[in-house]
Amino acid sequence: MRILLYNPDNGVTRNFMPHLWMFLLQALTPEGHEVVLIDGNAQPMDEAGIARFVREQNIGLVGIGAMTRMIAKAYRMADAIRAVGVPVVMGGPHVTEEADEALGRNGGPRHADAVALGEADETWPKIVADAARGQLKDVYAPVDDFGQESKPSLKEYPAIPWDKINLDQFNLVPKMVKRTLQRISDGWGTFRIIPMESGRGCPYGCEFCTVTGFFGDSIRFRTNESVVNELLLLKARAKSEGGQIAVFFIDDNFAINIKRTKSLLRDIIAAGAQVHWVAQISANLLRDEELVDLIAASGGKWVFIGMESIDPTNLADVNKGFNKPGEYAAVLQRLAQRNVYAITSFIFGMDNDTVGVAERTLKEIRTWPAGLPIFGLLTPLPATPLYKRLEAAGRLTRPKHWQEFIPFEMAHTPLKMTIAEAHAEVKAGWATAYSPEAMAQAVDSLKDKPLGYRINIFIARMCFRGIYFPQMGPLAWLKLIYQNRRTISSLVKEGFSTWRGRPTNPVANGSLQTGVGAT
């Protein structure tokens, strides 16, 4: 049987890396079946296109995974696939909490022939076997012999054959510059960001987060050897094809067990398995100087930090009081001293937010080392404590907001400002933080660093700007380039000067290599 694993885009922004679940389920598929992968972010498709694909490719089963913001598109694609007679199984955090919605048990249309609840590591082979016999069940749940929910151990983690998987759709180097980059420097014909996990689960239970509900509050880890071997495989592939690779550790909190994380990073260093990597780590865990030393030495380049707010009252309200805004600057400086930079995430529309929250936040950000700030709105996701609290208080304005996904649109009423005011604050945050002036300032703040660091921060900011401002076509990019022409011109001039003054190219000598690779 031919199986298609499909991850939809949300029709607004495109992710910069593929989703791990597809590769993991491919590795867990029993022998005798062929698996095809399509990520809608890399290969955009509409309903007619995917229906045509499954017919022409003789697909016998389609697996669709989607987060809440993608679920409306996922349902439309599933409907199109089922309309041509191909069964669909759906899974992921949203479907786990809204299984009746996917199965049409709540009065709406049915979108899936079957749903996989929770982590599908152990249920996926059963789903494939049942589909091959034409006997799919409605619901597959990971339960033990006593009917209790079971969480898979990660000790026997499947080996993902990264050396054999076709990753052409995930190359981030534009085709128009690929040949030029290959001529200028060996090793830049391809650049991919690959998802990996070293553990699952989070004990913090932040009110707005789906992680604890989906993965649980007990932490499970892969063995160090398993992670190191996967990194070595990825590193060898990049070298063999003359490309670059970076890893995004998708763990919900990569350093949640500091002792274990240090052990893993030491093993990465000892094995020579360093690649440029990104991970999500809470600010409170980055007080540890040795941990930050090891992050830098093992190839860490960017750390995603969910700061959420500079207001301690807001943080306490959403059960994230372990974040201490007074420590943010020191944490970021500690990273920057080791040439590791931060993606700092903020949420506006919290209960204690008032008009001007964007400027108050930006005022703090300007005192920190250059990084990538991102801004969003407090969003009540289904089954989270936040959703239940707002629902009980009658504050939800769009209880089923995911059925019509609108980016950066609130689904509840804030306490101390209007919905329109909250929207304006988010827009102000993005517009100010990613203006040409702010981009130039970020680049200039790294003037004491090698050129590669300045190129890295500039390219990263150009890309991250697209999270809020649409820039998915050539005209949008040309406009953006024109707006930032002075900064680009300065970097290009310095680059040519550096290149002409060296006997070999700057990447090979390290001036670019040290800064680029984990955007």
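Bear in mind the structure is a predicted one, so any value in this text is a computation, not a measurement.

Here is what the cut-offs are and how they apply
The residue numbers shown here count from 1 along each chain, following its written sequence. Owing to the predicted nature of the model, reporting of local features is limited to residues with pLDDT of at least 70; listing and counting of side-chain atom pairs is limited to 80 or more, with chain, interface and lining totals taken over all residues. Note: side-chain values were computed over all heavy atoms of the structure, leaving out hydrogens and water. Note on ring pairs: Phe, Tyr and Trp rings are taken, using the six-membered ring of Trp, and paired if centres are within 6.5 Å. Classes follow the plane angle, with under 30 degrees stacked, over 60 edge-to-face and the rest tilted. Helix numbers and strand numbers start at the N terminus; a helix is a DSSP run of H or I with at least 4 residues, a strand a run of E with at least 2. With a 1.4 Å probe rolled over the protein chains alone, any residue whose accessible area is under 20% of its type maximum counts as buried; one over 50% counts as exposed, and the rest are partly exposed. In this analysis an axis means a line fitted to C-alpha atoms, helices contributing only their contacting stretch, and an angle means the value between N-to-C directions, from 0 to 180 degrees. Angle categories: roughly parallel below 35 degrees, roughly antiparallel above 145, roughly perpendicular from 65 to 115, and oblique for all the rest. By convention, the crossing between two helices is left-handed when the near helix turns anticlockwise from the far helix through less than a right angle, and right-handed when the turn is clockwise. The contact criterion used is simple: two residues touch if any of their non-hydrogen atoms lie within 4.5 Å. When residues are grouped by polarity, Ala, Val, Leu, Ile, Met, Phe, Trp, Tyr, Cys and Pro land in nonpolar, Asp, Glu, Lys and Arg in charged, and all others, Gly among them, in polar. Arc definition: it is the arc formed by the directions from the helix axis to the C-beta atoms. We treat two strands as partners when DSSP finds at least two bridges between them. Note on disulfides: each one is a pair of cysteine sulfur atoms within 2.5 Å. An expected span of 1.5 Å times one less than the residue number is assigned to each helix.

A.B. asks: I tried to follow the packing of aromatic side chains on my own but got confused; where do I start?
C.D. replies: How two aromatic rings sit relative to each other is given by the distance of their centres and the angle of their planes. Tallied over the entire structure, the rule returns 18 aromatic pairs. Plain terms: the ring middles of Tyr328 and Trp368 are 6.1 Å apart, the flat faces sit at 85° to each other, and that makes the pair edge-to-face. Linking Tyr328 in helix α13 (residues 328-336) with Trp368 in the loop between α14 (357-365) and β14 (372-377), this pair joins segments that are 40 residues apart in sequence. The buried category is assigned to Tyr328, whose relative accessible area is 1%.

A.B. asks: Whenever I open this one, the packing of helix α10 (residues 258-270) against helix α11 (residues 289-297) confuses me. Can you help?
C.D. replies: Helices that pack against each other are described as a pair by the angle of their axes relative to one another and the distance between those axes. The N-to-C vectors of α10 and α11 enclose an angle of 30°; their axes lie 9 Å apart at closest approach. Considering their axes alone, α10 and α11 lie roughly parallel with respect to each other. Relative to α11, the crossing made by α10 is left-handed. Contact residues: Ile258, Thr261, Lys262, Leu265, Arg266 and Ile269 in α10; Glu290, Leu291, Leu294, Ile295 and Ala297 in α11. The class makeup of the residues in the contact of α10 with α11 is 7 nonpolar, 1 polar and 3 charged.

A.B. asks: Help me out: how do you make sense of α11 in this one?
C.D. replies: One turn of the α-helix equals 3.6 residues, which is why residues spaced by three or four share an orientation. Among all positions in α11, only Leu291, Val292, Leu294 and Ile295 are buried. Down the axis, α11 shows its buried residues gathered within 160° of arc, on one side only. Considering only its buried residues, α11 is in contact with α10, β11 (276-280), β12 (300-308) and α13. Phi turns positive, to about 110°, at Gly299, one or two residues after α11.

A.B. asks: Would you take a moment to explain the sheet that holds strand β13 (residues 341-348) for this structure?
C.D. replies: In space, the 6 strands of this open sheet follow the order β7-β10-β11-β12-β13-β14, with parallel pairing throughout. Since the sheet does not close on itself, it has two edges, and those belong to β7 (191-196) and β14, each with one partner. Each neighbouring strand pair of the sheet contributes to a mean axis angle of 20°, computed without reference to strand direction. The pairing of β7 with strand β10 (residues 244-249) spans 6 bridges and is classified as parallel. Bridge pairing in β10 places Pro195 opposite Phe248. Packing of α13 onto the sheet brings it into contact with β12 and β13, and relative to β12 it is tilted by some 170°. Contacting β13 and β14, α14 runs over the sheet at an angle of about 165° to β13.

A.B. asks: I keep staring at the state of the cysteines and nothing clicks. Help me out?
C.D. replies: With the rule as written, the count across this model stands at 0 disulfides. The structure places no disulfide on Cys206, whose sulfur is separated from the nearest cysteine sulfur, that of Cys209, by 6.1 Å.

A.B. asks: Would you mind showing me how to read helix α18 (residues 451-464) here?
C.D. replies: An ideal rise of 1.5 Å per residue puts 20 Å on 14 residues; α18 measures up with 20 Å between its terminal C-alpha atoms. Counting buried residues in α18 gives 12 out of 14 residues, a clear majority hidden from the surface. The set of residues buried in α18 consists of Leu451, Gly452, Tyr453, Arg454, Ile455, Asn456, Ile457, Phe458, Ala460, Arg461, Met462 and Phe464.

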